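If you want the building blocks of each chain, they are given just below.
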Amino acid sequence: MERITVQTQPIEGQKPGTSGLRKKTDVFMGPHYLENFVQAIFTGIGGVEGKTLVLGGDGRYFNDRAAQVILRMAAAQGCARIIVGQNALMSTPAASNMIRIRQTDGGIIMSASHNPGGPKEDFGVKFNTPNGGPAPEEVTNRIFDATRTIGSYDILVSEDIDLATLGETRLADMVVEVVDPVADYAALMEKLFDFDAIAGLLKGGFRIRFDAMHAITGPYAKAILEERLGAPAGSVVNAVPSPDFGGGHPDPNPIWAKELMDVMYGDDAPDFGAASDGDGDRNMIVGRGAYVTPSDSLALLAANAHLAPGYAAGLKGVARSMPTSGAVDRVAAKRGLDCYETPTGWKFFGNLLDAGRATLCGEESAGTGSDHVREKDGLWAVLLWLNILAATGKSVQQMLDDHWAEFGRNYYSRHDYEGVDNAAAEGLMDNLRARFDSLPGQSFAGRTVASADEFAYDDPVDGSHSAGQGIRIGFEGGGRAVFRLSGTGTVGATLRVYLEDLCEDPAAMHRDPQEALSDIIAAADAIAGISERTGRNGPDVRT
Ligand code: VG1
Ligand code: CO
């Protein structure tokens, strides 16, 4: 086996976004593109010599080829061991768990998460640190710096490594350990939740439908929900990971998981439905005729997590990303829990979890998780919900009704404008920034602005500062509109507008969110000039 040094030069734009580097697949497949970025990761973490890493991905197109390249580069650079999921597959939360239980020096996850996959769609690579979490900004900045100075990379010339057979092989001096990607994760879930209670619920005729959206959670959900917990075969649908996710968009929300929504709102709907995303860290929860917004799900899990064995001792605190609704804050206030507000992206929860300040975390984008790993975790959320339903004997709708009766309801919706012209999107944000002083006191669509600013975060654990994390407009009476540009897209800009209003009137808990938020929506448009500046009549996606 020959080890060679390949000359290369920096490639523009290899800057990790909200969660790793995501680009069109053909960009990633271009000359040196993947190799440059992988080398930058290695350089950014001080080299891989003597280290142990985890490697896995969500199975999207190019996942298998990319894995071979990463293995050859690691072997050429003295890496001691790579623990790789069978067929280079591993969900993001399972990879986080593997990094932790094997105490590795980190891991590389090949995924563009909820972005579609295929030759014409998206691919991505991210590095997770030894705590199992996405690399914090200090590390991604070092990686980005390395992409700008790279001149060469070392790689082995070798045959492909067999990743289908479990067990250990060698690539030069490096051990390649092919593992079952599901087993350790399933064992962790069994420790956290009352599997007997959930199995009893299912045995009693409680029907579930889990939509894996042709992505990585298929094998996990089959093993856990059907094989261990006894849900009837067929409860898990779209369960075989496919390189293009069946031509779909593996993002669990009412738009992209419409097939599931139709079943859950149709005749003879099951009691409980759920879906996950490309890499298995997101979740959508829907009862019979009852969609649960992710912000409500976080609040409801925070209020009831103690019903599951893994959280019986109570929570140390909770955290949510800034654009996530304040529903969880109301739970925290009533229960006397610390509540943290972080920028968007799971990497900002890592320090709080490591320091034992928060147990549950969540984002409005269908991400919930806890200190059991350092990523959000789709199936974990599904199992916690099932555990709570088994313990209370309530339906999803009853859980929501009781929650709103106790804590009030934070009506919430996110409007996404996708593929917007970059300059138009930046212009919209800049225009808002320039008006922070003049907006308070002005009225738009009947709502008066109380505050206007741009969110910045000072990490309470390591003191790091992150600026420019989203523009917040607060209205008198408690409503809110937040404006942010996405950091995970690959074409143009995606403008996200997050809309929220608190309702404490018991007679008004069952309104359609779009209708309940109509004046906040109109005010947000009037303040930012969304339709005028983007040329769009309405959002592409409302969740
Ligand atoms: C989006 C979500 C954010 C999430 C991120 C990664 O980021 O809004 O909450 O953490 O995706 O999730 P952005 O920058 O596009 O708003 V995943 O499941 O795609 O890793
Ligand atoms: Co994801």
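Residues numbered from 1 in each chain as written. Chains lettered and ligands numbered in written order. Predicted model: local features only at pLDDT ≥ 70, side-chain atom pairs only at ≥ 80, totals over all residues.

Student: If you had to explain the overall build of the chain to someone new, which residues and values would you point to?
Tutor: Regarding its fold elements, the chain presents 18 helices and 27 strands. Computed over its C-alpha atoms, the radius of gyration of the chain comes to 23 Å, within 12% of the 24 Å expected for a compact globule of 543 residues. Dimensions of the chain, computed from C-alpha atoms along their principal axes, come out at roughly 75 × 60 × 40 Å. Within the chain, buried positions represent 54% of all 543 residues. If you take every contact in the chain between residues at least 6 apart in sequence, the share linking residues at least 24 apart comes to 74%. (Helix = DSSP H or I, 4+ residues; strand = E, 2+ residues; numbered from the N terminus. Rg over C-alpha atoms; globule rule 2.2 N^0.38 Å. Buried ≥ 20, exposed ≤ 12 C-beta atoms within 10 Å, placed from the backbone. Contact = placed C-beta atoms within 7 Å.)

Student: Mind laying out the nonpolar core, listing which residues take part and the relevant values?
Tutor: Side chains of a nonpolar character, in soluble globular proteins, are inclined to be buried together. Formed by 131 residues in total, the largest nonpolar core has its most connected members in Ala74, Ile82, Ala302 and Leu384. The greatest single-element share of this core, amounting to 11 residues, is contributed by helix H13 (residues 378-392). Taken domain by domain, this core gets at least three of its residues from each of domain 1 (2-180) and domain 2 (185-407). Not counting residues up to four positions away in its chain, the partners in contact with leucine 384 are Phe193, Leu301, Ala305 and Ala308. Core analysis: the second largest hydrophobic core is formed by 32 residues, Tyr411, Ile473, Phe475 and Val482 among them. (Core = buried A, V, L, I, M, F, W, Y, C linked by C-beta atoms within 7 Å. Domains from an automatic or database assignment.)

Student: Explain the packing of helix H6 (residues 183-192) against helix H8 (residues 217-228) to me, and be specific about the residues and the numbers.
Tutor: Look at H6 against H8: their axes get within 10 Å of each other, and the N-to-C directions meet at 45°. Considering the angle they form, H6 stands oblique to H8. For H6 against H8, the interelement crossing comes out right-handed. Residue-level inspection shows Tyr185, Ala186 and Met189 of H6 in contact with H8, the latter providing Tyr220, Ala223, Ile224 and Arg228. Broken down by class, the residue content of the contact of H6 with H8 amounts to 6 nonpolar, no polar and 1 charged. (Axes fitted to C-alpha atoms, helices over the stretch in contact; angles between N-to-C directions. Parallel < 35°, antiparallel > 145°, perpendicular 65-115°, else oblique. Left-handed = near helix turned anticlockwise from the far one by under 90°. Nonpolar A, V, L, I, M, F, W, Y, C, P; charged D, E, K, R; others polar.)

Student: I'd like to hear about the sheet that holds strand E17 (residues 360-363), residue by residue, with values.
Tutor: Spatially, E16-E15-E17-E18 is the arrangement adopted by the 4 strands of the open sheet, whose pairing is mixed. The open sheet has two edge strands with one neighbour each: strand E16 (338-342) and strand E18 (367-370). Each strand axis lies, on average, 15° off the axis of its neighbour in the sheet, ignoring direction. The pairing of strand E15 (residues 317-321) with E17 spans 3 bridges and is classified as parallel. Bridge pairing in E17 places alanine 319 opposite cysteine 361. Against the sheet, helix H10 (residues 294-304) makes contact with E15, E17 and E18, and its axis sits at roughly 170° relative to E17, the strand it touches most. (Pairing = 2+ DSSP bridges.)

Fair warning: the whole summary comes from geometry, so function is off the table for now.
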